[in-house]
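Residues per chain are reported as follows:
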Amino acid sequence: MTPPATTLTDSITRQLDQLSSHLSQAGPQQAAQILQQVLDAENGILGRLTALVGTGTYVTEHHAQSGVFPAEMWLALGRTANTLHDLALDLDEHQEVFEEIASRRSLTTSSPAATQATALVARGRHR
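All values reported here derive from a predicted model rather than from experimental measurement.

Here is what the cut-offs are and how they apply
- Residues numbered from 1 in each chain as written.
- Predicted model: local features only at pLDDT ≥ 70, side-chain atom pairs only at ≥ 80, totals over all residues.
- Heavy atoms only, no water.
- Helix = DSSP H or I, 4+ residues; strand = E, 2+ residues; numbered from the N terminus.
- Buried < 20%, exposed > 50% of the residue type's maximum accessible area, 1.4 Å probe, protein only.
- Contact = heavy atoms within 4.5 Å.
- Core = buried A, V, L, I, M, F, W, Y, C linked by side-chain atoms within 4.5 Å.
- Arc of directions from axis to C-beta.
- Axes fitted to C-alpha atoms, helices over the stretch in contact; angles between N-to-C directions.
- Parallel < 35°, antiparallel > 145°, perpendicular 65-115°, else oblique.
- Left-handed = near helix turned anticlockwise from the far one by under 90°.
- Nonpolar A, V, L, I, M, F, W, Y, C, P; charged D, E, K, R; others polar.

Asker: Describe the side chain of glutamine 95, with residues and values.
Answerer: Within the secondary structure, glutamine 95 sits in helix H5 (residues 95-103). With a relative accessible area of 11%, glutamine 95 lands in the buried category. In this structure glutamine 95 touches Leu35, Gln36, Leu39 and Asp40, once residues within four positions along its chain are discounted.

Here you go:
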């Protein structure tokens, strides 16, 4: 018999795969709706994943202190939780843009100039 946590993890993994497939085929408005929900720093998938990894940090700390888990595992999870938290905060700055795109009545434009592609600008966060 499969443990309940394993069944739950498998189910969540399958659902994330389905959501990824759906996102890859979504139009702009639907993609914005999906991303807005996924990337929500508190209630979205990213926020919940960050909390899960944070919980894993506390669990592994306890087990590392008792000598069951290696301390490196605890430290790696702690770094991961911090990184996810920082990424979630960076992405949270764009929630209003996702909301605006998702709520547009129509994404058609009246002028050809408005439909021309613009250069993508990647901004990195320097640490």
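On we go from here.
Asker: Can you lay out the nonpolar core for me, pointing to particular residues and giving the numbers?
Answerer: Core analysis: the largest hydrophobic core is formed by 13 residues, its most contacted members being Leu39 and Leu46. Only helix H2 (28-38), helix H3 (45-65), helix H4 (71-92) and H5 provide two or more residues apiece to this core. By residue number, the principal contributor to this core is H2, which donates four residues. Apart from residues lying up to four places away in sequence, leucine 39 is in contact with Leu46, Leu91, Gln95 and Phe98.

Asker: Help me get a handle on H5, residues and values and all.
Answerer: Buried residues of H5: Gln95, Phe98 and Ala102, and no others. One side of H5 holds all its buried residues, which, seen down the axis, span an arc of 65°.

Asker: Provide a residue-level description of the packing of H3 against H4, including the pertinent values.
Answerer: Running from amino to carboxyl end, H3 crosses H4 at an angle of 160°, the nearest separation of the two axes being 8 Å. On the basis of the axis angle, H3 is roughly antiparallel to H4. Between H3 and H4 the crossing geometry is left-handed. Packed against H3, whose contacting residues are Leu46, Leu49, Thr50, Val53, Gly54, Gly56, Thr57, Thr60, Glu61 and Ala64, the element H4 presents Ala71, Met73, Trp74, Leu77, Gly78, Thr80, Ala81, Leu84, His85, Ala88 and Leu91 at the interface. Taken together, the residues that form the contact of H3 with H4 break down as 12 nonpolar, eight polar and one charged.

Any functional reading would require information beyond the geometric quantities listed.
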